[in-house]
Amino acid sequence: MQLLFCGSGWLDIVDLIAARLPAGCALRTWDRTRSLAAELAAAPVDVLLPSNGPVDAEAIAAAGPRLRLIQQPAAGTDAIDKAAAAARGIPVCNAPGANQTAVAEAALLLLLLCARRWPLARAAFERGAIGTPLGIELSGARLIVVGAGKTGQALATRAGALGMTVELLDSRTTRAERLAAFARADAVSLHVPLTPATTGLVDAEALAALPAHALLVNVARGPVIDRDALSAALSRGHLGGVGLDVYWQEPWDPRDPLYADPKVVTLPHVAGSTNQAFDAIAGIVVDNLERLRRGDPLRHRVA
């Protein structure tokens, strides 16, 4: 069984999966010097592991009849053309819940770094300034968690332990309810999949609804926030801090002036990257590979 990992990062997960592969399986990585479609046409595989690599209809067609499974070694499947896969009878599976603790802890980290104004604190350290800038305490603050799935709930538990008041908003929350919740928020953390309904969910109106001091954290997907609206809000001095682990384009341009804003804290899309999370993901992936070989039902099928 031939496998292709076509992501542009998270190579540690490749090593973990490769070390557990059943006999007769071989895993290689896409060298990215040619398109994914050209790679698959030249060397067809049985299983694709997309990670953050986009798998479009052209790539799926180029893979030919040999492709039997698209197994996402993560939860998000927004970059996979699931309709094209379904049309060819190729199942799409993911690994949900494996990194929920890691992502929740990273969201809490971003909240803390924003609250303590980390970019300004780092600059103060470098110039030898003591006791500046002033931060805020999260205890007693109201946190709105957008997305009531496993990671959102995990963050709510941890934020509650810090003394924060937490409100969870799920997919049934109307826009009017969400805007009202934003208006009373001291902080908002985003934990939703990227879908047509969530693209631009945090737009100019939503940002304007937030109090000027509010913190905003995104560990979901970059386009959940309207980038232009966020840039405009920061330019006029709105928001107390923004914590980002996901971006509108990946890899991102580190010279982008948005990321140099002293209110913006950035992580290199590592929220889900821990030893424990990757170990759990590798277990799910290898289990599905063995199921595929035996002809058993696959776990965590999304399409």
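Residues numbered from 1 in each chain as written. Predicted model: local features only at pLDDT ≥ 70, side-chain atom pairs only at ≥ 80, totals over all residues. Heavy atoms only, no water.

Draft legend 1. Structural view of the pattern of salt bridges. Per the stated rule, a full pass over the model turns up 16 salt bridges. Arg-142 is the salt-bridge partner of Glu-167, the closest N and O atoms lying 2.8 Å from each other. Of this pair, Glu-167 sits in strand 7 (residues 165-169) while Arg-142 sits in strand 6 (residues 142-146); the two residues are 25 residues apart in sequence, bridging distant segments of the chain. Of the charged contacts, one joins Arg-299 and Asp-287 as a salt bridge, the two residues approaching to 3.3 Å between their closest N and O atoms. In this pair, Arg-299 sits in the segment after helix 12 (275-294) while Asp-287 sits in helix 12, placing the two residues 12 residues apart along the sequence. The class of Arg-299 is partly exposed, set by a relative accessible area of 33%. Here Asp-287 falls in the buried class, since its relative accessible area comes to 19%. Three or more residues are tied together by salt bridges with common partners; here these are Arg-28, Arg-34 and Glu-39. (Salt bridge = Lys/Arg side-chain N within 4 Å of Asp/Glu carboxyl O. Helix = DSSP H or I, 4+ residues; strand = E, 2+ residues; numbered from the N terminus. Buried < 20%, exposed > 50% of the residue type's maximum accessible area, 1.4 Å probe, protein only.)

Draft legend 2. How the structure looks around the layout of surface pockets. Put simply, the largest pocket is a space of about 1,200 Å³. Lining the largest pocket are 48 residues, with Ala-75, Gly-76, Asp-78, Ala-220 and Arg-221 sitting closest to its centre. At the level of elements, helix 5 (100-115), helix 7 (150-161) and helix 12 are the ones that each hand at least two residues to the lining of the largest pocket. For the lining of the largest pocket, the element with the highest residue contribution is helix 7, accounting for three residues. For the lining of the largest pocket, the class distribution of residues is 22 nonpolar, 20 polar and six charged. Considering only enclosed or pocket space, the second largest pocket measures out at about 230 Å³ in volume. If you trace the second largest pocket, you find 13 residues lining it, with Asp-170, Ser-171, Arg-178, Val-192 and Thr-198 closest to the centre. (1 Å grid on protein atoms, 1.4 Å probe; cavity = no way out; pocket = protein on both sides within 12 Å on 5 of 7 lines; lining within 4 Å. Points joined across faces, edges and corners; volume = space filled by probe spheres on them. Nonpolar A, V, L, I, M, F, W, Y, C, P; charged D, E, K, R; others polar.)

Draft legend 3. How the structure looks around the sheet that holds strand 2 (residues 26-29). Taking strand neighbours across the sheet as the criterion, the five strands line up as 2-1-3-4-5 in an open arrangement whose pairing is parallel. Only two strands of the sheet have a single partner each, and these edge strands are strand 2 and strand 5 (92-93). Strands strand 1 (2-5), strand 2 and strand 3 (47-49) of the sheet are contacted by helix 1 (residues 11-20), whose axis makes an angle of about 170° with strand 2. (Pairing = 2+ DSSP bridges. Contact = heavy atoms within 4.5 Å. Axes fitted to C-alpha atoms, helices over the stretch in contact; angles between N-to-C directions.)

Draft legend 4. Structural context of the packing of helix 5 against helix 7. Helix 7 packs onto helix 5 with a crossing angle of 50° between their chain directions and a minimal axis gap of 8 Å. In this view, helix 5 runs oblique relative to helix 7, as classed from their interaxial angle. The two elements helix 5 and helix 7 meet at a crossing, and its hand is right-handed. For the pair formed by helix 5 and helix 7, the contact residues are Gln-100, Thr-101, Val-103, Ala-104, Glu-105, Ala-107, Leu-108 and Leu-111 on the first element and Lys-150, Thr-151, Ala-154, Leu-155 and Arg-158 on the second. By residue class, the composition of the contact of helix 5 with helix 7 is seven nonpolar, three polar and three charged. (Parallel < 35°, antiparallel > 145°, perpendicular 65-115°, else oblique. Left-handed = near helix turned anticlockwise from the far one by under 90°.)

Draft legend 5. Just the nonpolar core, in detail. Ranked by internal contacts, the top residues of the largest apolar core, which has 31 residues, are Val-146, Val-188, Leu-190 and Leu-207. For this core, the secondary structure elements donating two or more residues are strand 6, helix 8 (175-183), strand 8 (187-190), helix 9 (204-209), helix 10 (227-235), strand 10 (241-244) and helix 11 (257-260). Here the element with the most residues in this core is helix 10; it accounts for four residues. Not counting residues within four places of it along the chain, the set of residues in contact with Leu-207 comprises Val-202, Leu-216, Ala-229, Leu-230, Ala-233, His-238 and Leu-239. Grouped together as the second largest cluster of nonpolar side chains are 25 residues, Leu-108, Leu-143, Ala-159 and Ala-187 included. (Core = buried A, V, L, I, M, F, W, Y, C linked by side-chain atoms within 4.5 Å.)

Draft legend 6. View of the side chain of Asp-203. Considering the arrangement of structural elements, one finds Asp-203 in the loop between strand 8 and helix 9. The buried category is assigned to Asp-203, whose relative accessible area is 19%. Setting aside residues no more than four positions away along its own chain, Asp-203 makes contact with Arg-175, Asp-226 and Ala-229.

Draft legend 7. Region of the structure containing the packing of aromatic side chains. Tallied over the entire structure, the rule returns two aromatic pairs. Ring geometry for Tyr-247 and Trp-252: centres 4.8 Å apart, planes at 45°, overall tilted. On the basis of relative accessibility, which here comes to 5%, the residue Tyr-247 falls in the buried class. Residue classification places Trp-252 among the partly exposed positions, given a relative accessible area of 29%. Both rings, one in Tyr-247 and one in Tyr-259, keep their centres 5.3 Å apart while their planes meet at 80°; by these two values the pair is edge-to-face. Highlighted residues: Tyr-247 in the loop between strand 10 and helix 11 and Tyr-259 in helix 11, separated in sequence by 12 residues. Through pairs of rings, three or more aromatic residues link up here, namely Tyr-247, Trp-252 and Tyr-259. Here the basic side chain of Arg-227 rests over the ring of Trp-248, its NZ or CZ set 5.5 Å away from the ring centre. (Phe/Tyr/Trp six-rings, centres within 6.5 Å; stacked < 30°, edge-to-face > 60°. Lys NZ or Arg CZ within 6 Å of the ring centre and 35° of its normal.)

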